[in-house]
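# Geometric and topological summary
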2 protein chains.
Amino acid sequence: MKVTIIGLGLIGGSMAIALKELGIATYIYGVDHNPVHVSEAIELGLVDECVDLDHAIAATDLIIIATPINAAETILPLILNQINKQIVFDVGSTKKVICEKVATHPNRGRFVATHPMWGTENSGPSAAVKGAFLQKATVICNKHESDKNAIELVEHIYGKLNMHLLYMDAADHDMHVAYISHISHITSFALANTVLEKEKEEDAIFELASGGFESTVRLAKSNPAMWVPIFMQNRENVLDVLNEHISQLRKFKTCLEKENYQYLQELIENANGIRRVLKN
Amino acid sequence: MKVTIIGLGLIGGSMAIALKELGIATYIYGVDHNPVHVSEAIELGLVDECVDLDHAIAATDLIIIATPINAAETILPLILNQINKQIVFDVGSTKKVICEKVATHPNRGRFVATHPMWGTENSGPSAAVKGAFLQKATVICNKHESDKNAIELVEHIYGKLNMHLLYMDAADHDMHVAYISHISHITSFALANTVLEKEKEEDAIFELASGGFESTVRLAKSNPAMWVPIFMQNRENVLDVLNEHISQLRKFKTCLEKENYQYLQELIENANGIRRVLKN
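Throughout this description, residue numbers start from 1 for each chain and increase along the sequence as written. Labels are handed out in written order, letters beginning with A for the chains and numbers beginning with 1 for the ligands. Selection of residues for local features in this predicted model requires a pLDDT of at least 70, selection of side-chain atom pairs for listing and counting requires 80 or more, and totals for whole chains, interfaces and linings are taken over all residues.

## Quick notes on the domain arrangement of chain A
All names here are of chain A. Parsing chain A into structural domains produces domain 1 (2-169) and domain 2 (173-277). Look at where the C-alpha atoms of domain 1 and domain 2 centre, and you get two points 30 Å apart. Contacts here follow a simple rule: the backbone-placed C-beta atoms of the two residues must lie within 7 Å. Taken together, the contact pairs 15 residues of domain 1 with 15 residues of domain 2. When contributions to the side of domain 1 that touches domain 2 are tallied by element, the ones reaching two or more residues are helix H4 (69-82), helix H5 (96-101) and strand E7 (137-141). As a working rule, the residues Ala, Val, Leu, Ile, Met, Phe, Trp, Tyr, Cys and Pro are called nonpolar, Asp, Glu, Lys and Arg charged, and the rest polar, with Gly in that last group. Looking at the side of domain 1 that touches domain 2 residue by residue, the class counts come to 6 nonpolar, 5 polar and 4 charged. Boundaries between domains were set according to an automatic or database domain assignment. Secondary structure follows DSSP: runs of H or I at least 4 residues long count as helices, runs of E at least 2 residues long count as strands, and numbering of each begins at the N terminus.

Now the structure itself:
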């Protein structure tokens, strides 16, 4: 199958590697507005050829949108305007806005809204890796709005990628990811800023930073071009979770201020309950 | 050399494995007030024998204190009362209180205050692992208060463990670890409580939780018996960093409330600066 991948970054690039390896894509057209990404993607062998969007759409059976989500919501209606039988899916981190954007489009059925729950803090074509996605979850949203054969193809591809599928309403999806992904990033960005603001002896951070610190601030390396649009689109859910998080941090602050170590112990014991819901 | 290890948990147990493997310890006496830990440590082969503290002190050349820090500060003066030539070091996460506690003790010179910067979120003898400590940092505090031969032995041991040594004043150490270790734990505990409080659909967390979430909340599994005393002893530094962290989170909140995405972009770009000071 000939495949177009729009957006040759971490996800688009890793998807390209996987689709080639699994024999799903026989030829991959890459589309990216950034000429540096275009040359890197060609050089790394992620795609066979980089062309403009119209050419790619006309030449392929499957179109994957892997741009930042603000670009995806602009591009998707343009693509749907041009296609007949082709199938389009996106891989963005929010789903409500993009689904609303094309809800009444005559070709809505050709589009499948997906979110593979995998990523790293790195970005660009050089961040793409082999074996991404493996055994992670993919959410498919508003399944009933997509054509049966479009859903079947997308399910087949994610199945081949060895991912397990979940189905959700787009609004529910956005609320859940605010908790389990977006707030972790805000926390990590804020923690990095805290340390950079207060710990002027950067050598001390470098020398002392242990595994715990690195795992907590790792996400703070993430690309703003990806994350600002996510926070924009999921603003209400993220604000809701952020308010709760600040109020939880204040409980720790009050315990320390009042030297209420019994309650501090209880807060930590409660947090230990996260073991119940984590796999590892 | 015969060695006593007091506290047979993650650090004490991992230290026992390493000292045996490197041929530094020929025989290890374990001391732990928890009978379950005692049997586990024997069963796992971490120590050769478990005895009471007095017996262990009399029979060994080197005594390592690997208990939670509140127990360490109680035990250390009792040990110093009983020793002649033996050398004692601790591995606790705060250093100011324990150094103050024995500052004027006639045997102060036999004690070396150390903090190997390694750990995991797990605890107890079964959490002990081979190859811990490797290529991490160890801080030695108030070196001038220890006897020359005591420092030399401890430097030799950490060198054999393949750790790099840093020297600091105890108060400076406690301030730095508030930034690069203690705040990460509070953030992680608070994040776990946020999610557990607000995300009532625990199945959704379980299914969706991706690498980012798991790395940020991993530390929330940490043992309160270890962490409450750390927060007590390092209360002022931790409060200072926690106040800054809450104020950094409020900046993200304000950006979202006011839809000031330019400033949000700047906050994230600033956070990306953490790449400068992280090794990986």
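## What about the interface of chain B and chain A?
Taken together, the contact between chain B and chain A spans 83 residues of the former and 82 residues of the latter. Counting residues per element, the ones that place at least two in the side of chain B that touches chain A are helix H7 (170-198), helix H8 (202-208), helix H9 (211-217), helix H10 (224-233), helix H11 (235-258) and helix H12 (261-272) of chain B. Here the element with the most residues in the side of chain B that touches chain A is H7(B); it accounts for 21 residues.

## Topic: the pairing of strand E8 (residues 164-168) of chain A
Residues and elements named next belong to chain A. Direction of pairing for E7 relative to E8: parallel, over a ladder of 5 bridges. Bridge assignment links Cys 141 to a residue of E8, and that residue is Met 168. The path from the first strand over the helix to the second decides the hand: if it runs clockwise while the strands point away from the viewer, the crossover is right-handed. Remark: the E7/helix H6 (residues 148-160)/E8 crossover connection has right-handed handedness. Here a strand pair is declared whenever DSSP counts at least two bridges between the two strands.

## Re the packing of helix H7 (residues 170-198) of chain A against H11(B)
Packing of H7(A) against H11(B) leaves a shortest axis separation of 9 Å and a crossing angle of 125°. Accordingly, the angle class assigned to the pair H7(A) and H11(B) is oblique. Crossing of H7(A) over H11(B) shows right-handed handedness. Contacts between H7(A) and H11(B) involve Ile186(A), Ala190(A), Leu191(A), Asn193(A), Thr194(A), Glu197(A) and Lys198(A) on the former and, on the latter, Val241(B), Glu244(B), His245(B), Gln248(B), Leu249(B) and Phe252(B). Its residues placed into classes, the contact of H7(A) with H11(B) shows 6 nonpolar, 4 polar and 3 charged. To define axes, lines are fitted to C-alpha atoms, for helices over the stretch in contact only, and angles between the resulting N-to-C directions are given on a 0 to 180 degree scale. Should an angle lie under 35 degrees it is considered roughly parallel, over 145 roughly antiparallel, and from 65 to 115 roughly perpendicular; all remaining angles are considered oblique. Crossings are assigned a handedness: left-handed for a near helix turned anticlockwise from the far helix by less than a right angle, right-handed for a clockwise turn.

## Section: the nonpolar core
Note that soluble globular proteins tend to have their nonpolar side chains buried in a common cluster. The biggest cluster of nonpolar side chains holds 188 residues, and the ones touching the most others in it are Ile5(A), Ile64(A), Ile5(B) and Ile64(B). Apart from the residues within four sequence positions on either side, Ile64(A) is in contact with Val3(A), Thr4(A), Ile5(A), Ile6(A), Gly12(A), Met15(A), Phe89(A) and Val91(A). In plain words, the nonpolar core is the set of buried Ala, Val, Leu, Ile, Met, Phe, Trp, Tyr and Cys residues that C-beta atoms within 7 Å link up. A residue is called partly exposed when the number of other C-beta atoms within 10 Å of its own lies between 12 and 20, exposed at 12 or fewer, and buried at 20 or more, with C-beta atoms placed from the backbone.

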